[in-house]
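So the chains spell out like this:
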Amino acid sequence: METGSEKRRGVWGTRLGFILAASGSAVGLGNIWKFPYITGEYGGGAFVLVYLGCIALVGLPLMYAELIIGRRGHGSALGSLKALVSQQGGAGRDLSEFTGTLAVASGFLILSYYSVVAGWAIHFLWVSMDLIPLSAEGGAATTFGHLVGDWRLSTLWHTVFLCLTITVVGRGVHEGIERACSRLMPALAGILCVLLVYVGLTGGLARSFEFLFRPDFAKLSGEGVLEALGHAFFTLSLGMGAMITYGSYLQNDRTVVRDGVTVAVLDTVIALLAGLVIFAVVFAANGNPAAGPGLVFVTLPDLFATMPGGELVGMAFFFLLIFAAWSSAISLLEVVVAYFIDQHSLSRTQASWLLGGLIWMAGVGSALWSPVLDFLDNLTTRYMLPVGGLVIAILAGWFVRRGDREAGFLSLGDSGRPLAAVWTVTIRFVTPVLLAAVLLAKMGILRLPW
Ligand code: PHE
């Protein structure tokens, strides 16, 4: 039964609607821009294998933790944590305050630069439609260099993208977010299928497959392992309360077990398919898979320009990138907006435009000077999200009451009991220990064995 207060806060209309919104959050620039380029940089197959391990051992248990906290707490990240943990006072309350606040700060900072990168994708959509010419000298590298170097141009696209995002969030959970994601996600899947068929016809797919799925452990570095874990967080939208917030719009009787796996699997499959497409294009034209962050903005547009039907394929690709980024940006803003609606009683429209405006201002910093963008990306993905995830794991494992903790599993019936037991052990011991080890290794306090 939908209660009056649930109606006021907003609830998802259907189970599919929730899955599409949550996977819309997960599938984003992380899958289509970042995953391929870090896989290229860190050597392919072996990195992919470690990344899959991180998704299973750290990502999925944390995804459950966040969804369960949201579904039982029915509040923003901070509101839900407080509702489930704070009554117990002491350390639990302090940790909840800390993580809830960190979550809002992470959402704010990530969206500020995310929107600038998504803006570049809009620029390249225009380029692929020939509305903006690819630079005659130096091709996409020059076009990209010009875009990044011209803060007014970057700011223009950043403004367009953020307005699109604010408009959807301002309309609410069901009318705005669910409706937008229910259109964006099928469109995204359709475009990806068309691109797969295309690369299947043009060659390069076999080499791409080998690059992604044949592990060569000699190429794996300690740095690569850290990156894989950080990316597992980023790509599943974990460690900053996005899944707590989305979980809070679920009704009480819903199990989170199947939905959590569905979102994690969809996210992983889409990253792998996007990687297959991108590397197939790269290999078909003898490009360099380790081209770094410029892979989709420099290497690909140049290759599209030389391929049969490349103009249409390029257009489809940048639509894919923009749609993916949009549904993720919506969830980043929602975390911040939900916090201000809950804690400061702003209306949804006020909170969306006010906070969106502040995030826009912060984003101009990244548009002005790209080291700001790199700094924020490092700070958030390497530190803030893993710290947020570590504290959420500790809270879910040790501070949330047993009944609340296991409710999401037990609503499955008897088959939920063993799952609840496995998850409880993982979230109490495995996830926090792995996360703490990785954080210490990043700070240089712990040395990795390889
Ligand atoms: N998961 C999104 C991506 O892969 C990014 C994101 C991070 C969205 C954190 C929400 C919260 O692009």
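Use the structure listed above.
Residues numbered from 1 in each chain as written. Predicted model: local features only at pLDDT ≥ 70, side-chain atom pairs only at ≥ 80, totals over all residues. Heavy atoms only, no water.

(A) Up close: a nonpolar patch on the surface. Nonpolar side chains collect at one region of the surface, where Leu57, Trp398, Val425, Phe429, Val430 and Leu434 lie side by side and expose about 520 Å² of accessible area between them. Per-element tally for the nonpolar patch: the top contributor is helix α19 (residues 416–442), with 4 residues. Note that Trp398 resides in helix α17 (residues 370–399). Judged by relative accessible area, which is 43%, Trp398 ranks as partly exposed. (Patch = residues over 30% accessible without salt bridge, like charges linked within 9 Å, V, L, I, M, F, W, Y side chains within 5 Å. Areas by Shrake-Rupley, 256 points an atom, 1.4 Å probe, with all protein chains shown as cover. Salt bridge = Lys/Arg side-chain N within 4 Å of Asp/Glu carboxyl O. Helix = DSSP H or I, 4+ residues; strand = E, 2+ residues; numbered from the N terminus. Buried < 20%, exposed > 50% of the residue type's maximum accessible area, 1.4 Å probe, protein only.)

(B) Highlighting the site of the ligand. Close to the ligand lie 14 residues; Ala26, Gly30, Tyr114, Phe234 and Met240 are nearest. The side chain of Tyr114 places a nitrogen or oxygen atom 2.6 Å from an oxygen atom of the ligand. Between Phe234 and the ligand, the recorded distance is 2.8 Å, taken from a backbone N or O atom to a nitrogen atom. If the ligand stood free it would expose 320 Å²; the protein chains cover 100% of that surface. Of all the elements in the fold, those that place two or more residues in the shell around the ligand are α2 (15–26), α3 (29–41), α11 (222–235) and α15 (310–344). Considering only residue class, the shell around the ligand consists of 6 nonpolar, 8 polar and no charged. (Near = heavy atom within 4 Å. Polar contact = N/O pair within 3.5 Å; in protein donor to acceptor, adjacent residues only side chain to side chain. Nonpolar A, V, L, I, M, F, W, Y, C, P; charged D, E, K, R; others polar.)

(C) The environment of Ile427, seen in detail. Considering the arrangement of structural elements, one finds Ile427 in helix α19. For Ile427, a relative accessible area of 0% translates into the label buried. Note: C-alpha distance between Ile427 and Leu188 (239 residues apart in sequence) is 33 Å. Setting aside chain neighbours within four positions, we find Ile427 in contact with Pro61, Leu62, Ala65, Ala393, Ala396, Gly397 and Pro432. (Contact = heavy atoms within 4.5 Å.)

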